[in-house]
Amino acid sequence: MLAEGLETLIKALADDGYQVVGPTIDQQAIVYGEIKSTGDLPRGWTDLQEAGTYRLQRREDDAYFGYVVGPHSWKKYLFPPVTLVASADLGEHGWQMRTPEPDPIKYAFLGVRACELAAIRIQDKVFLGGPFVDPTYEARRSKAFIVAVNCTQAAPTCFCTSMNTGPRCESGFDLALTETSDGFLIEVGTKAGQVIAALLPVRPANSTEIGHAEVARQQAADQITRRLDTDGLRDVLMNNLRHPHWEEIAKRCLSCTNCTMVCPTCFCSSVSEVPDLTGEHVDRERHWDSCFNPDFSYMNGSPTRNSVSSRYRQWMTHKLATWHDQFGSSGCVGCGRCITWCPVGIDLTKEVVALRDTTGNDLANLSDGHAEGAEASP
Amino acid sequence: MNSALTSAITAPRFDPWRTHAVRVARMTPEVPGVFTCDLAIQDATMASEYRFAPGQFNMLYIPGLGEIAISICDDPQSRGSVAHTIRIAGNVTHALSELAVGATLGLRGPFGVGWPIDGCRGRDIVLVAGGIGLAPLRPLICHLMTHRREFGEIHLIMGAREPSGLLYSAEYSAWRDGGLNVYPTVDRGDDSWPGHIGMVTAILDRLPLRRPAETVMISCGPETMMWYAAQMVIGRGVDAKSVYVSLERNMNCAIGLCGHCQFGPQFLCKDGPVFSYDRVASIMKVEDL
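Computed from a prediction, not measured in an experiment: that's the story for all the values here. (Residues numbered from 1 in each chain as written. Chains lettered and ligands numbered in written order. Predicted model: local features only at pLDDT ≥ 70, side-chain atom pairs only at ≥ 80, totals over all residues. Heavy atoms only, no water.)

**Side note on the overall build of chain B**
- The helix and strand inventory of chain B stands at ten helices and 15 strands.
- Judged by the C-alpha coordinates and their principal axes, chain B covers about 50 × 45 × 40 Å.
- Relative to its full complement of 289 residues, chain B shows a buried share of 58%.
- Put simply, 70% of the contacts in chain B that link residues at least 6 apart link residues at least 24 apart.
- Total accessible area on chain B is roughly 10800 Å²; 50% of this is exposed by carbon and sulfur atoms.
- With 25 positive and 28 negative side-chain charges, chain B shows a spacing of 4 Å between the two charge centroids. (Helix = DSSP H or I, 4+ residues; strand = E, 2+ residues; numbered from the N terminus. Buried < 20%, exposed > 50% of the residue type's maximum accessible area, 1.4 Å probe, protein only. Contact = heavy atoms within 4.5 Å. Areas by Shrake-Rupley, 256 points an atom, 1.4 Å probe, with all protein chains shown as cover. Lys, Arg positive; Asp, Glu negative; His and termini not counted. Charge placed at Lys NZ, Arg CZ, Asp CG, Glu CD.)

Following this line, the structure appears as structure tokens:
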């Protein structure tokens, strides 16, 4: 499909009742927002990322998807930052509670990266895997149309190859695009994708075009230099809950919650009471929360995790260790957002290396030998 | 526990945010700072269908103030209302304590995995409670008395700071009549206190266990108390898998989606609050986890 076909794709999705959301430029970053036409896309822009740094820069070409990932992820549509979960009304018979009708909105996501497909799969497990199902997530997820776009470049913060989540989009999409100087190579993933593809100005790709797409995708894979050694990582972390390095990280960590806000899999939330002025109608709003907020663990008069070290430990051990116990995979997809958007540039891949490198027998004793409970298990 | 019952009532066939309107049927002062609130579900069908397993909890909701997790302390066979024994600790519990009979509020539940009733059948049982920790054990005590013949010896040790802090003390004689050995103990006695003074572990240490390998210990109270009690009975030959604790953390959604109640790999709301000790022993003493 020629680049002009992208306009047809956006229109076809809109005509089918989808609200098309995709990359657009706002506040000097590529973020996800409503897309009315290709004019809304960040054509000719790219992002420069490293720990604690994000900058937009002009590209030498007019690529539509010539960037990596920005601070937003698709979770803001599937698991919105603020959701009405219930409401209460004071009437003749006292308080009556209601839950809202399922959200009828149909989203089409344009420009989903491989790591983001993995993040959606992970959140599917969290919100749909039971025993309880989140009604908002289910309503939005079941109707969503996904147009994946393969990465053709990587940032220094990317490590999807370590997490086995990319850079190639393998599954979990309705359509997948690869952008080259020839235009777009399209792969169809589902029947819904087939229906939309039939409306596009497409023809079978020739071998030269397929070759160009392969080269473009390989370029992204080749540019990935960051690594996270996941071998035995769950046990390394869980056997080192008392490791002194947590305190070292806490000297730098501001506990600002940025990493959890930009993470495409973080799912923590809290419900707030929002009464109207009469006090007779109350909305119960669920908003994103973070394990870095002291109040998040507040119980019986004080936070359970009252130190930054305990909160960072909770975040990292959940993401990289206990997520396996809970949901059968790592909670990290290697997108690098938490590294880029950390205001002090804390890099979890380096912190894992530091934890591994200083885990000797002495430290193992420090963590396990100190646990008087360890001998309780027969 | 009665797994068939529990899975039937916790199966997510409904919007997990659906909140029942309930009315305060009775308010009973218990020990200082603690009261029991009996709540009647307004909707007749829901009220007749409502069931819970001992050890489960409800989310009680005061519109405008918020929701909190409170263990159910009622007899699982009782119908018409559900009792909750509550210690005044924060905004919501304070507001709950001031509700008058007839006031309305919200209730979601029941949630969580309760006590291991199936695992107790045919075995001797040691129940250890500290302070308000006796409340979640009360439904189990009721169940054990109702089905007394299914279980071996039953010991109940409960501790409080002082005699006036012993919860449900008016019921102890009925529990003794129901076939339980009841051992209250206090940290500080007074002139009127004829009973034990000391920690629950001091009683536990001397408790005759006729067959430790066939004994189950069930405890609810401060984590330190539960940990020492577990150490003690394991030291006396009880299997760590037969030792159960009920844990508490900040809880917000009760349905495993909000992340608040995580304790290592566990979500207390859906994997617990009751755990066998071997599942949590290695992390119970990790500070600030």
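Moving on from the model shown.
**Points about the overall build of chain A**
- Scanning chain A from N- to C-terminus turns up 14 helices and 14 strands.
- Relative to its length of 378 residues, chain A is compact, with a C-alpha radius of gyration of 23 Å against a globular reference of 21 Å.
- If one aligns the C-alpha atoms of chain A with their principal axes, the spans along those axes are about 70 × 65 × 40 Å.
- For chain A, buried positions account for 54% of its 378 residues.
- Of the roughly 16200 Å² of accessible surface on chain A, a fraction of 50% belongs to carbon and sulfur atoms. (Rg over C-alpha atoms; globule rule 2.2 N^0.38 Å.)

**A word on the nonpolar core**
- Judged by nonpolar contacts, the single largest core of 116 residues is most densely connected at F109(A), Y312(A), W315(A), M316(A) and Y277(B).
- Here this core takes nine residues from helix α3 (residues 114–128) of chain A, the largest share from any one element.
- Here M316(A) is in contact with L237(A), W246(A), A321(A), L348(A), E351(A), V352(A) and L355(A), once residues within four sequence places are set aside.
- By size, the runner-up hydrophobic cluster in this structure holds 35 residues, among which are I125(B), L137(B), V182(B) and V186(B). (Core = buried A, V, L, I, M, F, W, Y, C linked by side-chain atoms within 4.5 Å.)

**Here's the deal with α3(A)**
Residue and element names in this part refer to chain A.
- Spanning 15 residues, α3 covers 21 Å between terminal C-alpha atoms, matching the ideal 21 Å at 1.5 Å per step.
- Of all 15 residues in α3, twelve are buried; the element is thus mostly enclosed.
- Listed in full, the buried residues belonging to α3 are A114, C115, E116, L117, A118, A119, I120, I122, Q123, D124, V126 and F127.
- Where α3 terminates, the next one or two residues include G130, which has phi positive at roughly 80°. (Expected span 1.5 Å × (residues − 1).)

**Some remarks on the confidence of the model for chain A**
- Scored by pLDDT, chain A comes out at a mean of 94, with 95% of its residues at no less than 70.
- Confidence over residues 361–378 of chain A falls short of pLDDT 50; this stretch has 30 contacts with residues more than four positions distant or in other chains. (pLDDT = per-residue confidence, 0-100.)

**As for the pattern of salt bridges**
Residue and element names in this part refer to chain A.
- In this structure the tally under the stated criterion is 28 salt bridges over all chains.
- Ionic pairing is found between K11 and D15, a salt bridge with its closest N-O pair at 3.0 Å. You can see K11 and its partner D15 sitting in helix α1 (residues 5–15), four residues apart, about one turn around the helix. Side by side, K11 and D15 carry an identical accessibility label, which is exposed.
- Ionic pairing is found between K251 and E248, a salt bridge with its closest N-O pair at 2.9 Å. Of this pair, K251 and E248 both sit in helix α9 (residues 245–252), three residues apart, roughly one helical turn.
- Using a relative accessible area of 65% as the deciding quantity, one classes K251 as exposed. (Salt bridge = Lys/Arg side-chain N within 4 Å of Asp/Glu carboxyl O.)

**Section: the domain arrangement of chain B**
Residue and element names in this part refer to chain B.
- Under the domain assignment, chain B is made up of domain 1 (20–111) and domain 2 (117–284).
- Here the C-alpha centre of domain 2 lies 22 Å away from the C-alpha centre of domain 1.
- Every contact between the two is made by 24 residues of domain 1 and, on the other side, 22 residues of domain 2.
- Ranking the residues of domain 1 by area buried against domain 2 places V31, P54 and F57 at the top, with a combined share of 25%.
- At the junction of domain 1 with domain 2, the criterion picks out zero salt bridges.
- Every element with two or more residues in the side of domain 1 that touches domain 2 is listed here: β2 (34–41), β3 (57–62), β4 (66–71), β5 (82–87) and β6 (104–111).
- Along the lines of polarity and charge, the residues of the side of domain 1 that touches domain 2 split into 13 nonpolar, five polar and six charged. (Domains from an automatic or database assignment. Buried area = accessible area lost by both parts, 1.4 Å probe. Nonpolar A, V, L, I, M, F, W, Y, C, P; charged D, E, K, R; others polar.)

**Side note on the sheet that holds strand β1 (residues 20–29) of chain B**
Residue and element names in this part refer to chain B.
- On the basis of which strands lie adjacent, the open sheet formed by six strands has the order β4-β3-β6-β1-β2-β5 and antiparallel pairing. Each of the sheet's edge strands pairs with one partner strand only, and the pair in question is β4 and β5. Adjacent strand axes in the sheet meet at a mean angle of 40°, parallel and antiparallel pairs treated alike.
- The pairing of β1 with β6 spans four bridges and is antiparallel. (Pairing = 2+ DSSP bridges. Axes fitted to C-alpha atoms, helices over the stretch in contact; angles between N-to-C directions.)

**Focus on the packing of α3(A) against helix α4 (residues 135–143) of chain A**
Residue and element names in this part refer to chain A.
- Relative orientation of the contacting elements α3 and α4 amounts to 140°, with a least axis distance of 10 Å. With respect to their mutual orientation, α3 and α4 come out oblique. The handedness of the crossing between α3 and α4 comes out as left-handed. Within the contact between the two elements, α3 uses I120, Q123, D124, F127 and L128 and α4 uses Y137, E138 and R141.
- Here the contact of α3 with α4 is composed, by residue class, of four nonpolar, one polar and three charged. (Parallel < 35°, antiparallel > 145°, perpendicular 65-115°, else oblique. Left-handed = near helix turned anticlockwise from the far one by under 90°.)

**Details of the packing of aromatic side chains**
- Using the criterion set out here, one finds 29 aromatic pairs over all chains in the structure.
- An angle of 55° between the planes, with centres 5.5 Å apart, marks the rings of Y18(A) and F145(A) as tilted. Note that Y18(A) is positioned in the loop between α1 and β1 (19–26) and F145(A) in strand β8 (residues 145–149), a separation of 127 residues in sequence.
- Accessibility expressed as a relative area gives 13% for Y18(A), which makes it buried.
- Overall, F145(A) belongs to the buried group, its relative accessible area being 1%.
- Here the aromatic cluster, defined as three or more aromatic residues joined through ring pairs, consists of F79(A), F127(A), Y137(A), F267(A), W288(A), W323(A), F327(A) and F267(B). (Phe/Tyr/Trp six-rings, centres within 6.5 Å; stacked < 30°, edge-to-face > 60°.)

**Thoughts on the interface of chain B and chain A**
- Residue-level contacts link 53 residues of chain B with 54 residues of chain A.
- At the boundary of chain B with chain A, the tally comes to one salt bridge.
- Note that E67(B) and R284(A) form a salt bridge whose closest N and O atoms lie 3.4 Å from each other.
- Linking chain B to chain A there are 17 residue pairs in polar contact (both at pLDDT 80 or more). (Polar contact = N/O pair within 3.5 Å; in protein donor to acceptor, adjacent residues only side chain to side chain.)

**Quick look at the domain arrangement of chain A**
Residues and elements named next belong to chain A.
- The domain architecture assigned to chain A consists of domain 1 (5–223) and domain 2 (233–368).
- Each of domain 1 and domain 2 has a C-alpha centre, and these two points are 26 Å apart.
- Every contact between the two is made by 44 residues of domain 1 and, on the other side, 39 residues of domain 2.
- Roughly 3400 Å² is buried in total at the junction of domain 1 and domain 2, and carbon and sulfur atoms are behind 62% of that figure.
- At the boundary of domain 1 and domain 2, one finds two salt bridges.
- Residue R337 is joined to E116 by a salt bridge in which the shortest nitrogen-to-oxygen separation is 2.5 Å.
- For the pair domain 1 and domain 2, the interface holds 27 residue pairs in polar contact (both at pLDDT 80 or more).
- Among the secondary structure elements, those contributing two or more residues to the side of domain 1 that touches domain 2 are β3 (45–50), β4 (53–58), α2 (75–78), β5 (82–91), α3 and α5 (160–163).
- For the side of domain 1 that touches domain 2, a count of residues per class yields 25 nonpolar, twelve polar and seven charged.

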